[in-house]
Amino acid sequence: MAYATENDAPLEATPTKISLNNVYKIFGERPDKALDMIRAGKTKSEIHSATGCSVGVNDASFEIKAGEIFVIMGLSGSGKSTLLRLLNRLIEPTSGAIKIDGRDITQMSRKELIDLRRRDISMVFQSFALLPNRTVLNNASFGLEVAGVNEAERRQKALVALKAVGLDGYEDSLPDQLSGGMKQRVGLARALASEPTILLMDEAFSALDPLIRTEMQDELVRLQSEQSRTIVFVSHDLDEAMRIGDRICIMQNGSVIQVGTPDEIVMSPANDYVRSFFRNVDVSHVFKAGDVARKTQVTIIDRQGVSAAAALERMKHFDREYAIILGRDKTYQGMVSQTSLVEKLRAKADDPYRGAFLTGIETIAADEPLSNVLGTVAASAWPVPVIDDAKRYLGSISKTTLLETLDRAS
């Protein structure tokens with residue numbers, strides 16, 4: 001699952017790229033009447049019966065962070081594709097504010113909107129929509145051609161984009177010489193050639209067979225790790241959403257029901273509708289070790305003057321058999337147990353504290369999928385330490401923690 005964000009910063013510390021505030025879309029000739037009925041608490045079907053209007057999006061409010069892959073999913077008719085098209089005003093909102101980099105695009109003139117689309121936003125559809133009489137290179141550069149970019153520049157940008165999606169060497173081929181997956185790569189290259197900061201993708205991989213679809217998902221995550229963009233991806237496929245999404249937005253009948261990371265939604269679904277999506281999800285493939293690590297073990301800062309007796313007393317006070325030893329910078333140094341400390345104290349070792357460090361301790365990387373650590377935790381006599389890339393201690397996973405996590409999500 002992807003967690004690529006701008007500069008690899010945590011999502012909460014990342015600036016907002018797109019924000020929606022009380023956004024509505026009503027299809028039909030009496031949108032004002034329909035809006036009044038929505039605000040009076042009427043249902044989608046009641047509004048349609050009374051006005052003939054259809055509620056496409058109902059009071060959507062959320063933020064999309066710069067550099068995240070934000071997946072919008074729901075059943076057919078939930079409003080997910082409508083919501084996506086509101087983000088670049090391919091569909092005009094009935095009411096509400098949509099801001100990109102702080103600018104409300106609903107207030108932009110036609111010229112300002114066109115400039116924004118050319119400069120910042122590209123879109124990839126389910127249909128490859130390639131021009132059959134144009135080469136791969138000319139298809140990839142078509143958007144730049146429409147935008148009036150000179151031939152030399154658009155050729156250079158298209159070649160870079162084709163290389164990014166693994167199609168360098170195919171620039172002179174025609175679409176009918178390509179497989180389905182390769183055609184979709186051309187469509188993706190065409191979107192990337194304009195160097196957008198926002199990529200909108202509407203069921204972009206759903207027409208592909210399962211193996212090629214997985215390959216394209218991996219390709220998207222790879223591209224995101226190399227050139228971080230804000231990607232809004234519409235999907236009806238749960239596995240796809242869990243595989244690529246930093247956060248997922250669940251929609252029902254035009255309303256946003258829940259927005260959260262995959263593990264947040266799995267562990268705390270907003271209602272039965274959301275719960276039904278995730279009922280059969282194998283959480284061991286959703287969570288990473290860092291998601292479930294707990295700081296319930298005693299920690300001792302390793303510094304001059306620390307004694308075995310003091311460490312033992314601290315462990316007894318908190319009723320813990322094991323203690324995690326940390327450096328001043330919170331890096332993991334090792335582990336001791338009450339038993340190992342007592343043995344060294346009784347043996348009157350020269351340095352009973354350091355002599356009590358347990359051997360054979362295996363740590364787990366925070367980004368390791370939970371499915372890969374089940375055996376390690378199950379076989380360990382102690383809670384297994386979890387560390388980040390800088391070897392900082394994030395917490396431990398015990399058998400109890402593991403069972404509680406799996407049980408809560410079942």
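Please read these numbers as outputs of a predicted model, since none were measured by experiment.

Looking only at helices and strands, the protein has 18 helices and 16 strands in total. Expressed as lengths along the three principal axes of its C-alpha atoms, the size of the protein is roughly 85 × 60 × 35 Å. Per-residue burial for the protein yields a buried fraction of 50% across its 410 residues. For the protein, long-range pairs separated by at least 24 residues make up 65% of all intrachain contacts whose partners lie at least 6 apart in sequence.

A contiguous nonpolar surface patch, about 230 Å² in accessible area, is contributed by Leu131, Phe142 and Val146. Structurally, the position occupied by Leu131 is in the loop between β6 (121-124) and α5 (136-140).

The phi angle at Lys330 is positive, at roughly 70 degrees, despite the residue not being glycine. As for its position among the elements, Lys330 is in the loop between β12 (322-326) and β13 (332-337). Taking the relative accessible area as the measure of exposure, Lys330 reaches 45% and is therefore partly exposed. Even without being a glycine, Lys348 presents a positive backbone phi close to 50 degrees. Here Lys348 lies in the loop between α15 (338-346) and α16 (352-355).

A few words now on the sheet that holds strand β16 (residues 393-397). Across the sheet, which stays open at both edges, the three strands sit in the order β14-β15-β16 with mixed pairing between neighbours. The open sheet has two edge strands with one neighbour each: β14 (364-365) and β16. Sheet analysis places strand β15 (residues 384-387) next to β16, joined by four bridges and oriented antiparallel. In the strand pairing of β16, Val386 is matched with Gly395.

A low pLDDT means the predicted coordinates there should not be read in detail. Taken as a whole, the protein shows an average pLDDT of 88; of its residues, 95% reach a score of 70 or greater. Confidence over residues 1-9 falls short of pLDDT 50; this stretch has 30 contacts with residues more than four positions distant or in other chains.

Moving on: the sheet that holds strand β7 (residues 198-202). The strand order across the open sheet built from six strands is β6-β7-β8-β3-β9-β10, with neighbouring strands paired in mixed fashion. Lying at the two open borders of the sheet, with one neighbouring strand each, are β6 and β10 (255-260). Across this sheet, the average inter-strand angle for adjacent strands is 20 degrees, counted without regard to direction. Looking at chain direction, β7 and strand β8 (residues 230-235) are connected through five bridges and run parallel. Bridge assignment links Ile198 to a residue of β8, and that residue is Thr230. Where helix α4 (residues 110-120) meets the sheet, its contacts fall on β6 and β7, and the angle it forms with β6 comes to roughly 70 degrees. Across the sheet, helix α9 (residues 210-226) lies against β3 (69-74), β7 and β8, angled at about 160 degrees from β8, the strand it touches most.

Criteria and cut-off values
- Residues numbered from 1 in each chain as written.
- Predicted model: local features only at pLDDT ≥ 70, side-chain atom pairs only at ≥ 80, totals over all residues.
- Heavy atoms only, no water.
- Helix = DSSP H or I, 4+ residues; strand = E, 2+ residues; numbered from the N terminus.
- Buried < 20%, exposed > 50% of the residue type's maximum accessible area, 1.4 Å probe, protein only.
- Contact = heavy atoms within 4.5 Å.
- Patch = residues over 30% accessible without salt bridge, like charges linked within 9 Å, V, L, I, M, F, W, Y side chains within 5 Å.
- Areas by Shrake-Rupley, 256 points an atom, 1.4 Å probe, with all protein chains shown as cover.
- Salt bridge = Lys/Arg side-chain N within 4 Å of Asp/Glu carboxyl O.
- Pairing = 2+ DSSP bridges.
- pLDDT = per-residue confidence, 0-100.
- Axes fitted to C-alpha atoms, helices over the stretch in contact; angles between N-to-C directions.

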